[in-house]
Structure formats: structure tokens, C-alpha cells
Amino acid sequence: MAEKISTARPRLVRPTAVAIGLLVAIVLVSAAVRIAVDWPNILAGTEPTENDFARRYVAHPWLAYVHIAPGLVYLLGAPLQLSRRFRTRHYNFHRRLGRVLLTCALISGLFALFFGVPYAWAGAPEAVATVVFGCWFLVCLVLAFRAIRGDDVRQHRRWMIRAFAVAIGIGTIRIWVGIFEGVEQATSGGTSPGEPDPTMFGIAFWLAFTMHVAVGEWWLRRTPALTG
Ligand code: HEM
């Protein structure tokens, strides 16, 4: 169904695009660090010594990387899908790419549960956050898909924005972890490099995802009539 074009709010759009770019870059760096640390061990069949954080990724590479790899495809493609200009100019491509990204997002979300619940670095606080926000992510995606099958473009946009808002929270987790590590290094010498403090890691999960769900709702209130 053709989309209705309404007035965008460039004042909000530009800083949001910059923030999204920054968060995607942070996630790419985290994934690159993971690959650099995990894959030499996975390929050699060895365990990372003195890095318990990495050990879980090396011990369960399928669960971890079937979460990370499709998640990266989704995070890189979703900003294009959310751009009104792109959608209105390339509607057929939007639909085709949308099917691929939706599949990637569903797989990544499911494997976030399979890896993040039993092997959570921060234990129960992280596992519960993973269930709450991981399920929220999956529900948003399913409702977005259902809406577009019913030709409801407005609701489709709203659920896709909610899904993306929570997913990009993974970048903000890293920011919080960095802040907490910086404070800890300055005050008490801190934890080993590459091994965040588990308590802080759990707090970072809750802080970041809660912030992102709230910002997503704020964005939807600020742009209620927009289809882009
Ligand atoms: C869809 C885009 C996503 C991408 C690209 C992504 C990427 C990643 C990366 C790179 C890691 C490794 C973290 C590190 O070493 O610092 C990770 C771990 C993890 N992610 Fe995601 N993620 C995404 C979405 C989600 C969502 C929606 C959840 C659910 C709440 C989630 C839950 C987790 C959990 C629980 C871990 C394990 C953390 C640990 O080491 O204990 N992710 N993800």
C-alpha cells in the first residue's frame, strides 16, 4: 500500500541519525573485539586463558554467533528501512529487504534468549533483563509484521521503531559499561581488561534498555502523525 507523506521534523531527525550512527559503530566495535578474541580460540579448539567473559562465547559459539551475526545485519539495514525518503523512493526494495531483516532480527532475538539466559555474565539480573527486553523486541517485530500484512502502515512504523529502539540499546549498554569501568579504574584499580564487573554489567543492561524503550516512546509521541 502506498505511504502517506507528511511533514518531517528535520530538527529531530538529524541528531537522532547521528546518535544511531554512533551506537551502530559502538556495536560494530564490540562485535569486532569479540571476533578477534573468540575466533582464534574457536578455530584452534582452545580456551581463552584469564578471560572468563570470553570463555562463554568460545564454549557456545553457535548460540553466541547466531545471535550476533544476524543482529549485525539487522542493525546495519534497519536505519535504511526507517528512512522515510528511502521507503517512498524504493518501496519494493523496502519490502524485500524488510523480509530479510525481519528474519535476521527474529533469529537474533531468539538466540539472545538462548545464549543470554543460561550464560549471562551478570547472572539473574542480566538473564531477567534479557527475557524482558528480548521478548519485547520479538513482540514488536511480530506486531510490526502483522500490521503490515493488514496494510496498517502507521502501526507497522510504530512497532518497527519500538523494535529498533530497544535493539540499538545494545550500544548504550557498552557506553554504561565503559563509564562504570572508568569509575572503577579511577577509584580502586578496577577489573581485568575485557572482563566487566558482573554487577555493573547487569545494571548497564537495565539502564540502557529501559532508556531505549522510553526514548522510543518519546520519539513516537513527538512524531505521532508521521509515516517516516
Ligand atoms: C539486534 C541487534 C543486536 C546486535 C547486533 C547484538 C550484538 C551483540 C554483541 C556484539 C554481543 C557481544 C557483547 C560484547 O562482547 O560486548 C552481544 C551479546 C549479548 N546480547 Fe546482543 N545484540 C543485539 C540485540 C540484542 C537484544 C535485543 C538482546 C535482548 C535483550 C540482546 C542480548 C544480548 C545478551 C544477553 C548478550 C550476552 C551478554 C553477555 O556476555 O553476558 N542483544 N550482542
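Shown above is the structure to which this text applies.
Residues numbered from 1 in each chain as written. Predicted model: local features only at pLDDT ≥ 70, side-chain atom pairs only at ≥ 80, totals over all residues. Heavy atoms only, no water.

Chemist: Hey, could you run me through the environment of Thr16 in this one?
Modeler: Note on placement: Thr16 falls in helix H1 (residues 10-44). Sequence separation of Thr16 and Trp219 is 203 residues, and the distance between their C-alpha atoms is 9.7 Å. (Helix = DSSP H or I, 4+ residues; strand = E, 2+ residues; numbered from the N terminus.)

Chemist: How should a positive patch on the surface be read in this particular structure?
Modeler: On the surface, a cluster of positive charge is contributed by Arg95, Arg96, Arg99 and Arg149. For the positive patch, the leading source of residues is helix H5 (residues 91-116), giving 3 residues. On the secondary structure map, Arg95 appears in helix H5. Accessibility expressed as a relative area gives 41% for Arg95, which makes it partly exposed. (Patch = residues over 30% accessible without salt bridge, like charges linked within 9 Å, V, L, I, M, F, W, Y side chains within 5 Å. Areas by Shrake-Rupley, 256 points an atom, 1.4 Å probe, with all protein chains shown as cover. Salt bridge = Lys/Arg side-chain N within 4 Å of Asp/Glu carboxyl O. Lys, Arg positive; Asp, Glu negative; His and termini not counted. Charge placed at Lys NZ, Arg CZ, Asp CG, Glu CD. Buried < 20%, exposed > 50% of the residue type's maximum accessible area, 1.4 Å probe, protein only.)

Chemist: Explain the nonpolar core to me, please; I cannot follow it from the model alone.
Modeler: Most often, soluble globular proteins have nonpolar side chains that are buried together. Counting 42 residues, the largest nonpolar core has Tyr74, Leu75, Phe137, Leu141, Ile173 and Phe201 as the members making the most contacts within it. Considering every element that reaches this core, the biggest residue donor is helix H3 (residues 61-82), with 7 residues. When near neighbours in sequence (up to four residues on either side) are disregarded, Leu75 contacts Val24, Val27, Phe164, Ala167, Ile168 and Ile170. (Core = buried A, V, L, I, M, F, W, Y, C linked by side-chain atoms within 4.5 Å. Contact = heavy atoms within 4.5 Å.)

Chemist: Looking at this structure, I do not really get the site of the ligand. What am I missing?
Modeler: The full set close to the ligand counts 27 residues, and Arg56, Tyr57, His67, Glu126 and Arg174 are the nearest of them. Here an oxygen atom of the ligand sits 2.7 Å away from a polar atom, N or O, in the side chain of Arg56. Take Tyr57: an N or O atom from its side chain is 2.6 Å from an oxygen atom of the ligand. Mapped onto the shell around the ligand, the elements with two or more residues apiece are H1, helix H2 (52-59), H3, H5, helix H6 (124-149), helix H8 (169-188) and helix H9 (198-222). The residue makeup of the shell around the ligand, split by class, is 17 nonpolar, 6 polar and 4 charged. (Near = heavy atom within 4 Å. Polar contact = N/O pair within 3.5 Å; in protein donor to acceptor, adjacent residues only side chain to side chain. Nonpolar A, V, L, I, M, F, W, Y, C, P; charged D, E, K, R; others polar.)

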